[in-house]
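# Examination of the molecular architecture
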Amino acid sequence: MDILVILEDTQGSLHRLSKEAISGAQMISNDVSALVIGENSSKIAAELTSYDLSDLITVEDDLVASYNADGYTEIVCRVIDSESPRIIIAGHTYQTRDFIPRVSARLDIPFIPDIVSISDSDFTKQVLNAKLNATCLSNSDRMILSFQS
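In what follows, the accompanying structure is described. (Residues numbered from 1 in each chain as written. Predicted model: local features only at pLDDT ≥ 70, side-chain atom pairs only at ≥ 80, totals over all residues. Heavy atoms only, no water.)

Given a rise of 1.5 Å per residue, 15 residues ought to cover 21 Å, and the 21 Å separating the end C-alpha atoms of helix H3 (residues 69-83) matches this to within 8%. For H3, the set of buried residues is Ala69, Gly71, Tyr72, Thr73, Ile75, Val76, Cys77, Val79 and Ile80. Here the buried face of H3 lies against strand S1 (3-7), strand S4 (32-37), strand S5 (55-59), strand S6 (87-91) and helix H4 (94-107). Following H3 by one or two positions, Ser84 has its phi on the positive side, about 50 degrees. (Helix = DSSP H or I, 4+ residues; strand = E, 2+ residues; numbered from the N terminus. Expected span 1.5 Å × (residues − 1). Buried < 20%, exposed > 50% of the residue type's maximum accessible area, 1.4 Å probe, protein only. Contact = heavy atoms within 4.5 Å.)

In structure tokens:
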């Protein structure tokens, strides 16, 4: 698996920033898989039939019936350990800001947040309350990215 996109549920529908994350992932690679977590995962999976995804993983478990940082961290880490994606991507939401740093720390994978554009292997992110843009890159074999709208 090249890229794993972690999708977010917003009241039973796919969060708009998850759509941004899928789009960003597809700019990087043609091998994009997605992970949907929680009680609405099968409903959201049905929304994804028109998206060009290599694989779709759904997780429905009491641990993550509704969002909680510890449960999501555990599930996402298990999926990453099992599937070994090169890049993990999520929409940059409050939920992502809550649990993704925990995933990054636990798995020792660098996290580049707030990406607004991609150019080759460079990522542009906003800094100083979106007053400036900074170009980032990583020399790590694996990375976690979050996309802003």
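Okay, the packing of aromatic side chains next. Summed over the entire model, instances satisfying the criterion amount to 3 aromatic pairs. The interplanar angle of 65 degrees and the centroid separation of 4.8 Å between the aromatic rings of Tyr67 and Tyr72 together place this pair among those described as edge-to-face. Under the relative-accessibility criterion, Tyr67 is labelled partly exposed at 29%. Relative to Phe99, the ring of Tyr72 lies with its centre 5.6 Å away and its plane at 70 degrees, an arrangement referred to as edge-to-face. Linking Tyr72 in helix H3 with Phe99 in helix H4, this pair joins segments that are 27 residues apart in sequence. Exposure remark for Tyr72: the relative accessible area of 5% places this residue in the buried category. (Phe/Tyr/Trp six-rings, centres within 6.5 Å; stacked < 30°, edge-to-face > 60°.)

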